[in-house]
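Understanding the architecture of this molecule
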Amino acid sequence: MIMKYYVNNRQQDGSGYNHEVHKEGCYWMPSNVTYLGEFYSDKDALTEAKRYYADADGCAHCCPDINHG
């Protein structure tokens, strides 16, 4: 299923100190984000996010398959 993805524009505080990728509707998605586009997989969204932030990582809650802590 195709989903809309976003990346946090601020490094998260705490574990990882990275820019997290979130799916639309994620409870943990902050307000300061960049829209990445629509993708069929979390992995494709992460690839796009890394064009903005080399340290991009997936949200542990909505994108656990691409979360590396």
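Figured I'd write up the structure that's included with this text. Because the structure is predicted, anything quoted here is derived from the model rather than measured.

This part is about the overall build of the protein chain. A count of helices and strands for the protein chain gives one helix and four strands. Taking 69 residues into account, the globule formula puts the C-alpha radius of gyration at 11 Å, and the protein chain, at 10 Å, falls close to it. Burial analysis of the protein chain (69 residues in total) assigns 38% to the buried set. Within the protein chain, contacts between residues separated by at least 24 positions form 54% of all contacts whose residues are at least 6 apart in sequence. Surface exposure of the protein chain reaches about 4,300 Å², of which carbon and sulfur atoms provide 49%. For the protein chain, the centre of its 6 positive side-chain charges and the centre of its 10 negative side-chain charges are spaced 3 Å apart.

Glancing now at the packing of aromatic side chains. One pair of aromatic rings is described through two measures. These are the centre distance and the angle between the planes. The full count for this structure, using the stated rule, is three aromatic pairs. Where Tyr 6 meets Tyr 35, the ring centres are 5.2 Å apart and the plane angle is 55°; that geometry is what we call tilted. In this pair, Tyr 6 is assigned in strand S1 (residues 3–8) and Tyr 35 in strand S3 (residues 33–39), connecting sequence segments 29 residues apart. The class of Tyr 6 is buried, set by a relative accessible area of 14%. The interplanar angle of 90° and the centroid separation of 5.1 Å between the aromatic rings of Tyr 27 and Trp 28 together place this pair among those described as edge-to-face. Take Tyr 27 and Trp 28: they sit in the same class, and that class is exposed.

For the coordinates displayed, the defined rule picks out two salt bridges. Between Asp 42 and Lys 23 there is a salt bridge, with the nearest N and O atoms lying 3.5 Å from each other. Of this pair, Asp 42 sits in helix H1 (residues 42–49) while Lys 23 is found in strand S2 (residues 20–23), placing the two residues 19 residues apart along the sequence. Under the relative-accessibility criterion, Asp 42 is labelled buried at 10%. Here Lys 23 falls in the partly exposed class, since its relative accessible area comes to 22%.

Conventions adopted
For every chain, the first residue of the written sequence is number 1, and numbering continues from 1 onward in sequence order. pLDDT decides what is reported in this predicted model: residues at 70 or higher carry local features, side-chain atom pairs at 80 or more are listed and counted, and totals for whole chains, interfaces and linings draw on all residues regardless. Only hydrogens and water are removed before side-chain values are computed, so all heavy atoms of the structure are retained for them. Runs of H or I in DSSP of at least four residues are treated as helices and runs of E of at least two as strands, each being numbered from the N terminus. For a compact globule the rule gives 2.2 Å times the number of residues to the power 0.38, and the radius of gyration it is set against comes from C-alpha atoms. Exposure classes here rest on a 1.4 Å probe applied to the protein chains alone. A residue is buried below 20% of its type maximum, exposed above 50%, and partly exposed in between. Throughout, a contact is declared for two residues whenever any of their heavy atoms are within 4.5 Å. Using a 1.4 Å probe, accessible areas were evaluated by the Shrake-Rupley method; residue-level cover was limited to the displayed protein chains. Under the counting rule used here, the positive set is Lys and Arg, the negative set is Asp and Glu, and His together with the chain ends is not counted. We put the charge of a Lys on NZ, of an Arg on CZ, of an Asp on CG and of a Glu on CD. Classification of ring pairs rests on two measures: the distance between centres of Phe, Tyr or Trp rings, Trp counted by its six-membered ring, which must be within 6.5 Å, and the angle between planes, read as stacked under 30 degrees, edge-to-face over 60 and tilted in between. A pairing counts as a salt bridge when a side-chain nitrogen of Lys or Arg comes within 4 Å of a carboxyl oxygen of Asp or Glu.

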